[in-house]
Amino acid sequence: MAQKRPQEDGKGRPSEAFSPDQDKKRRVPALRNVVQEGMKLQPVQHLLETVLEPLIRRVVKEEVEVALRKHLNNLKRNEGKEVNSTESRSLQIKFLNNLSLPVFTGARIEAEEFYAIKVAIDVLTGQIVSSGPEASSKVEIVVLEGDFDGDEGDHWTLEEFKNNIVREREGKKPLPAGDAFLTLTEGIGLVGEISFSDNSSWTRSRRFRLGARVVDGSDGTRVREAKTQSFIVRDHRVELYKKHHPPSLSDEVWRLEKIGKDGAFHKRLNRENINSVKDFLTMLFINPPRLRHILGTGMSAKMWEVSVEHARKCVLDKRIFLYCPPGSQQKSSVVFNIVGQVIGLLSECQYITIDKLSEIEKAYSLSDFILSL
């Protein structure tokens, strides 16, 4: 059987056509190559799964944890700033001066030295708040129980403060009578005409305190209330009969201890034109036996000492007077104060205080002075 010759192209070269077996042989290496390439990739995939994936997860986890820690730290810092900001803005009302004591019903409540009571709003550091909505707050003055101190001294809740406000008794006028409200200007305000309409004897502590609280204008910020020291409020009629310590020259003579108003001693003194403390002192220094006789035996020696001691505490002005005895051959004059008390002698243009005079000089100067009256 004749063999088939390979087909030739027109130029006598074998053509590119292959038999089926030849095609199969050419496909096999191609598949092998693919498998080989797959085998080469398999270790890489295994490496990704066994090594790189846990590494990537750990790195991602660490990065997430770092980011989370930063976020939490920022939150804490912000919370700290908010707390510090709140603390720095903790406000309180304060009384800037002390009350003038004693206090009587119907009399204006004042500070020491007869000044108006002054209140201010400040932060806990003591710095007055002079700007912002708080600096123009409206403040109410209230009456508090005298034993109100709060659970921890100067720290109390708003509810505790409210529970210790004293209200007037039934049928009485408002307890803080007058203008109980004021408006701050640049953080400071003065309390106006305000007085007590009732005494403090009926309360549980028998004492009062003044309190101050902000009623608006604080922009929602908590402003701690203020309170004064505790004090007794007495009826005004008690003041009408009270003694003055020290007495003044113009006081009526019954203001002295042991001399009651409209009493026997008071009437005896009035009959001798001794109406004031000044009159009493003048008679005491010029003619003490006469003064003692006027008061009579009803005043014991102890009572006499108490009255005289009280009168001597009177504050005198600094005016002095000079007495020159008429027709005296000596160039001397008696120096005395406003109530006739001899305080010295002016002799030969020299001033000698009473404590440096001899007993004879004292007697001479006093006798001349008394005889001239």
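This write-up is about the structure you can find in this document. If you're wondering where the values come from, they're calculated on a predicted model, not measured in any experiment. (Residues numbered from 1 in each chain as written. Predicted model: local features only at pLDDT ≥ 70, side-chain atom pairs only at ≥ 80, totals over all residues. Heavy atoms only, no water.)

### A look at the sheet that holds strand 11 (residues 226-227)
Here is step 1: Strand order in the open sheet made by the four strands is 6-4-9-11, with antiparallel pairing throughout. Looking at strand neighbours, the two that pair on one side only are strand 6 (181-183) and strand 11, the edges of this open sheet.
Here is step 2: By the bridge criterion, two bridges tie strand 9 (residues 208-216) to strand 11 in an arrangement that is antiparallel. Paired with Ala-212 across the bridge in strand 11 is Ala-226. (Pairing = 2+ DSSP bridges. Helix = DSSP H or I, 4+ residues; strand = E, 2+ residues; numbered from the N terminus.)

### Considerations on the packing of helix 5 (residues 277-286) against helix 6 (residues 288-295)
Here is step 1: At their nearest, the axes of helix 5 and helix 6 sit 5 Å apart, and the two run at 125° to each other. In terms of axis orientation, helix 5 runs oblique to helix 6. For the pair helix 5 and helix 6, contact is made by Phe-280, Met-283, Leu-284, Phe-285 and Ile-286 and by Pro-288, Arg-290, Leu-291 and Leu-295, respectively.
Here is step 2: Of the residues in the contact of helix 5 with helix 6, the class split is eight nonpolar, no polar and one charged. (Axes fitted to C-alpha atoms, helices over the stretch in contact; angles between N-to-C directions. Parallel < 35°, antiparallel > 145°, perpendicular 65-115°, else oblique. Contact = heavy atoms within 4.5 Å. Nonpolar A, V, L, I, M, F, W, Y, C, P; charged D, E, K, R; others polar.)

### What about helix 4 (residues 264-271)?
Here is step 1: All of the buried residues in helix 4 are Phe-265, His-266 and Leu-269. Along the axis of helix 4, the buried positions cluster into a sector of 100°, meaning they face one direction only. Looking at helix 4, the residues exposed on the side facing more than 90 degrees away from the buried face are Ala-264 and Arg-271.
Here is step 2: For helix 4, the elements touching its buried residues are helix 5, helix 6 and helix 7 (301-312). (Buried < 20%, exposed > 50% of the residue type's maximum accessible area, 1.4 Å probe, protein only. Arc of directions from axis to C-beta.)

### Quick notes on the side chain of Asn-337
Here is step 1: The residue Asn-337 is located in strand 14 (residues 332-337) in this model.
Here is step 2: In terms of polar contacts, Asn-337 uses its side chain to reach the backbone amide nitrogen of Gln-341, at 2.9 Å.
Here is step 3: The contacts of Asn-337, once residues within four sequence positions are left out, are Leu-316, Arg-319, Phe-321 and Ile-343. (Polar contact = N/O pair within 3.5 Å; in protein donor to acceptor, adjacent residues only side chain to side chain.)

### Comments concerning the packing of aromatic side chains
Here is step 1: All chains considered together, the criterion is met by six aromatic pairs.
Here is step 2: Three or more aromatic residues link up through ring pairs in this structure, and these residues are Phe-148, Trp-156 and Phe-161.
Here is step 3: In this arrangement the basic side chain of Lys-138 is found over the ring face of Phe-181, its NZ or CZ atom lying 5.0 Å from the centre. (Phe/Tyr/Trp six-rings, centres within 6.5 Å; stacked < 30°, edge-to-face > 60°. Lys NZ or Arg CZ within 6 Å of the ring centre and 35° of its normal.)

### Looking at the pairing of strand 3 (residues 118-123)
Here is step 1: Counting buried positions along strand 3 yields five of six residues, so the element is predominantly enclosed.
Here is step 2: Two strands pair when backbone bridges link them, and strand 1 (residues 91-95) and strand 3 are joined in this way by five bridges, in the antiparallel orientation. Bridged to Lys-94 within strand 3 is Ala-120.

### Quick notes on unusual backbone geometry
Here is step 1: Following Leu-101, the chain continues to Pro-102 via a peptide bond in cis, the omega torsion being 0°.
Here is step 2: Here Pro-102 is to be found in the loop between strand 1 and strand 2 (103-104).
Here is step 3: Despite not being glycine, Glu-186 has its phi angle at roughly 55°, a positive value.
Here is step 4: Note on placement: Glu-186 falls in the loop between strand 6 and strand 7 (188-190).
Here is step 5: Judged by its relative accessible area of 58%, Glu-186 is exposed.
Here is step 6: Even without being glycine, Asn-273 reaches a positive phi, approximately 60°.
Here is step 7: You can see Asn-273 is positioned in the loop between helix 4 and helix 5.
Here is step 8: The exposed category is assigned to Asn-273, whose relative accessible area is 59%.

### Things to note about the side chain of Glu-145
Here is step 1: Tracing the backbone through its elements, the reader meets Glu-145 in strand 4 (residues 138-145).
Here is step 2: Setting aside chain neighbours within four positions, we find Glu-145 in contact with Asn-164, Val-166, Thr-203, Arg-204, Ser-205, Arg-207 and Arg-209.

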